[in-house]
Amino acid sequence: MRFTEHELTAALHAAAKTVLASQRKDVRKGKVDIDTVWDEMDRLQRFQLLDGLGGQLLPILVALPDVDVEPGTRPTFTDEQITAAVEERMEDSGGRMRRKVTVAARVALVKAALAQLPPRSDPDALTVPDHL
């Protein structure tokens, strides 16, 4: 699938916030908002989280099949398409159960990332202001 740089960045940030929310007990219990925690992190902490997820998530997003996306909507994929893209990028390590759990976790992560993609804009409706 051809995603724009902005779409990939938004997907990666959404996945990072999902992982961060699952790791923090105060966020899980609703005491702190995930955006507050994200803003309190320094740049190095955010980079380390995004870097670790980027190596796992970006190849999967790129491996998703091409779909037609109407302007104003998000791309949608079936569970089978997402699972197939995840399994293509998996390395063979560990046992059958470990692989199954890893695939399920990555599929959930990809779904969370895809859910936060911004709606596709119409490239023909792009207008440039006169002052530029």
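Keep in mind that what you see is a predicted model, and the values were worked out from it rather than measured.

### Some thoughts on a positive patch on the surface
Residues K25, R28, K29 and K31 make up a contiguous surface patch of positive charge. Structurally, K29 can be placed in the loop between α2 (25–28) and α3 (34–40). Owing to a relative accessible area of 56%, K29 belongs among the exposed residues under this scheme.

### A short note on the environment of D79
With respect to the helices and strands, D79 occurs in helix α5 (residues 79–88). Residue D79 is classed as partly exposed on the basis of its relative accessible area, which comes to 43%. Polar side-chain contacts of D79 include one of 2.9 Å to the side chain of K111.

### Here we look at the packing of α5 against helix α6 (residues 96–115)
Where α5 meets α6, the closest approach of the two axes is 9 Å, and the angle between their N-to-C directions is 120°. Here α5 is positioned oblique relative to α6, judged by the angle of their axes. Crossing geometry of α5 relative to α6 is assigned as right-handed. Residues D79, I82, T83, V86 and E87 of α5 lie in contact with α6, whose contacting residues are R99, V103, R106, V107, V110, K111 and L114. The residue inventory of the contact of α5 with α6, partitioned by class, reads 6 nonpolar, 1 polar and 5 charged.

Reading the values: rules and limits
- In this numbering scheme, every chain counts its residues from 1 along its sequence in written order.
- Local features are withheld for residues below a pLDDT of 70 in this predicted model, meaning they are given only at 70 or higher, and side-chain atom pairs are given and counted only at 80 or more; totals for whole chains, interfaces and linings count all residues.
- Calculated side-chain values reflect all of the structure's heavy atoms, with hydrogen atoms and water omitted.
- Each patch is built from residues lacking any salt bridge and having more than 30% relative accessible area; the joining distance is 9 Å for like charges and 5 Å for nonpolar side chains (Val, Leu, Ile, Met, Phe, Trp, Tyr).
- The accessible surface values rely on the Shrake-Rupley method and a 1.4 Å probe; as for residues, cover is taken only from the protein chains in view.
- Any Lys or Arg side-chain nitrogen found within 4 Å of a carboxyl oxygen on Asp or Glu counts as a salt bridge.
- Positive charges come from Lys and Arg, negative ones from Asp and Glu, while His and the chain ends are left out of the count.
- A charged residue contributes its charge at one atom only: NZ of Lys, CZ of Arg, CG of Asp or CD of Glu.
- Think of it this way: any DSSP run of H or I at least four residues long counts as a helix, any run of E at least two long counts as a strand, and we number them from the N terminus.
- Three exposure classes are used, based on accessible area relative to the maximum for each residue type with a 1.4 Å probe and protein chains only: buried under 20%, partly exposed in between, and exposed over 50%.
- Polar contacts here mean pairs of N or O atoms no more than 3.5 Å apart (in protein, one a potential hydrogen donor and the other a potential acceptor; neighbouring residues in sequence count only if both atoms are side-chain atoms).
- Each axis is a line fitted through C-alpha atoms, taken for helices only over the stretch in contact, and angles between the N-to-C directions span 0 to 180 degrees.
- Orientation labels follow simple angle bins: below 35 degrees gives roughly parallel, above 145 gives roughly antiparallel, 65 to 115 gives roughly perpendicular, and whatever is left gives oblique.
- Crossing chirality is assigned from the near helix's rotation relative to the far helix, an anticlockwise turn below a right angle marking it left-handed and a clockwise turn marking it right-handed.
- Contact between two residues is taken to exist if any of their heavy atoms lie within 4.5 Å; hydrogens are not considered.
- All residues other than Ala, Val, Leu, Ile, Met, Phe, Trp, Tyr, Cys, Pro, Asp, Glu, Lys and Arg, Gly among them, are scored as polar; the first ten of these are nonpolar and the last four charged.

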